[in-house]
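Commentary on secondary and tertiary structure
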Amino acid sequence: MDKKSIHKTVFYIGLVIFLTSIILGFSGINNWMFLIAIGGWLVFDYLASLKKKETTFQLLLKDKKKFFSVYLMLIFYGGTAEIVGRYILGWWIYPQVTSIPHEMLILLITYPIGSMFAREAFQTVNAHIKSYSTAVIITTLVNIVIWEIPNLFSYDWLYTVPYLEELTIFNHLNILIFLTWPLLIIFPLIVYDIVLKKP
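Here is a short report on the structure shown in this document. This one's a predicted model, so the numbers in the text were calculated from it and none came from an experiment.

On to the pattern of salt bridges, then. Within the structure shown, the criterion is met by three salt bridges. The shortest N-O distance in the salt bridge between Glu 82 and Arg 86 comes to 2.6 Å. One end of the pair is Glu 82 and the other is Arg 86, both in helix H4 (residues 64-88) and four residues apart, which spans about a single turn. A residue is classified by how much of its surface remains accessible, and Glu 82, at 7% relative accessible area, is buried. Of the charged contacts, one joins Glu 103 and Arg 86 as a salt bridge, the two residues approaching to 2.7 Å between their closest N and O atoms. Of this pair, Glu 103 sits in helix H5 (residues 100-128) while Arg 86 sits in helix H4, and the two are 17 residues apart along the sequence. Given the relative accessible area of 13%, Arg 86 is considered buried.

Shown next, in the form of structure tokens:
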């Protein structure tokens with residue numbers, strides 16, 4: 001099977017995973033976030049590739065060493081985000097996370113694969129909207145809808161921003177968090193570019 005056929009097959013698998021995760025989230029079933037990270041990445045990766053964009057899954061097929069470098073950098077980013085955002089600032093908690101293996105899944109799947117999801121969503125949007133800033137804003141909104149709306153039903157994570165609890169909508173979505181979402185889009189773009197520039 002050639003690389004294009006593999007990519008297309010993986011897209012259909014990703015689509016099933018993505019839709020399943022959405023259904024689980026809206027059904028109030030916990031831990032759907034691990035599935036949506038994987039499914040969303042595979043779906044948007046394929047859509048970006050159709051627009052002749054270089055994608056992380058293509059990088060996996062072409063250069064596993066560089067893909068692993070991207071993956072490791074995104075794990076480091078995720079760990080830093082958790083330490084600062086959750087433990088130092090106290091901006092969010094995971095009520096359902098009660099074990100070290102569960103914590104590791106967040107670090108090894110949600111952040112790195114979810115970041116690849118964010119990057120390929122941007123690539124897909126940017127293929128239609130050439131303005132970088134506008135594409136970031138639209139991708140941010142797309143990610144907020146995909147990640148935050150199902151969580152209104154499952155409460156896999158809760159925002160607990162100190163002193164700003166009143167700045168929420170739907171009794172959950174803190175406005176300050178919205179302002180940090182663009183960073184979740186931009187950082188994976190930077191990481192990918194850094195790794196590709198390495199010899």
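Still to come is the rest of the account.
Okay, the nonpolar core next. Phe 117 and Trp 147 are the most contacted members of the largest nonpolar core, which totals 46 residues. Secondary-structure elements contributing two or more residues to this core are helix H1 (3-26), helix H2 (32-50), helix H3 (56-62), H4, H5, helix H6 (132-154) and helix H7 (175-197). Examining the composition of this core, we find that 10 residues originate from one element, H2, more than from any other. Each residue touching Trp 147, except ones within four places of it in the same chain, is listed here: Trp 32, Met 33, Ile 36, Ala 37, Thr 110, Gly 114, Phe 117, Trp 157 and Trp 181. Of all hydrophobic cores here, the second largest spans seven residues; its members include Ala 118, Val 125, Val 136 and Ile 185.

Residue position: Ser 21 is located in helix H1. Exposure remark for Ser 21: the relative accessible area of 0% places this residue in the buried category. Only 2.6 Å separates the side chain of Ser 21 from the backbone oxygen of Phe 18, close enough to count as a polar contact. If we ignore the near neighbours within four places in the chain, the residues touching Ser 21 are Trp 32, Leu 35 and Ile 36.

Moving on, we come to the layout of surface pockets. The computed volume of the largest pocket comes to approximately 650 Å³. Tyr 77, Trp 92, Tyr 111, Trp 181 and Leu 184 are the residues nearest the centre of the largest pocket, which is lined by 25 residues in total. Of all elements in the fold, only H4, H5, H6 and H7 reach the threshold of two or more residues within the lining of the largest pocket. Split by residue class, the lining of the largest pocket holds 17 nonpolar, seven polar and one charged. Estimated volume of the second largest pocket: approximately 350 Å³. Lining of the second largest pocket is provided by 15 residues; of these, Lys 3, Lys 4, His 7, Ser 49 and Gln 58 occupy positions nearest its centre. Going through the elements one at a time, H1, H2 and H3 are the ones with two or more residues in the lining of the second largest pocket. When the residues that make up the lining of the second largest pocket are grouped by side-chain class, the tally is five nonpolar, four polar and six charged.

Bringing the packing of H6 against H7 into the picture now. At a closest axis distance of 9 Å, the pairing of H6 and H7 adopts a crossing angle of 115 degrees. When the axis of H6 is compared with that of H7, the two are roughly perpendicular. The way H6 lies across H7 gives a crossing that is right-handed. Here H6 contributes Tyr 132, Val 136, Thr 139, Thr 140, Asn 143, Ile 144, Trp 147 and Glu 148 to the contact with H7, which in turn contributes Ile 177, Phe 178, Trp 181, Pro 182, Ile 185, Ile 186 and Leu 189. Of the residues assigned to the contact of H6 with H7, the class counts are 11 nonpolar, three polar and one charged.

It is worth spelling out unusual backbone geometry at this point. One non-glycine residue, Lys 52, lies in positive phi territory at about 65 degrees. Following the sequence through the fold, Lys 52 ends up in the loop between H2 and H3. Despite not being glycine, Tyr 155 has its phi angle at roughly 55 degrees, a positive value. Structurally, the position occupied by Tyr 155 is in the loop between H6 and strand E2 (158-159).

What counts and how
- Residues numbered from 1 in each chain as written.
- Predicted model: local features only at pLDDT ≥ 70, side-chain atom pairs only at ≥ 80, totals over all residues.
- Heavy atoms only, no water.
- Salt bridge = Lys/Arg side-chain N within 4 Å of Asp/Glu carboxyl O.
- Helix = DSSP H or I, 4+ residues; strand = E, 2+ residues; numbered from the N terminus.
- Buried < 20%, exposed > 50% of the residue type's maximum accessible area, 1.4 Å probe, protein only.
- Core = buried A, V, L, I, M, F, W, Y, C linked by side-chain atoms within 4.5 Å.
- Contact = heavy atoms within 4.5 Å.
- Polar contact = N/O pair within 3.5 Å; in protein donor to acceptor, adjacent residues only side chain to side chain.
- 1 Å grid on protein atoms, 1.4 Å probe; cavity = no way out; pocket = protein on both sides within 12 Å on 5 of 7 lines; lining within 4 Å.
- Points joined across faces, edges and corners; volume = space filled by probe spheres on them.
- Nonpolar A, V, L, I, M, F, W, Y, C, P; charged D, E, K, R; others polar.
- Axes fitted to C-alpha atoms, helices over the stretch in contact; angles between N-to-C directions.
- Parallel < 35°, antiparallel > 145°, perpendicular 65-115°, else oblique.
- Left-handed = near helix turned anticlockwise from the far one by under 90°.

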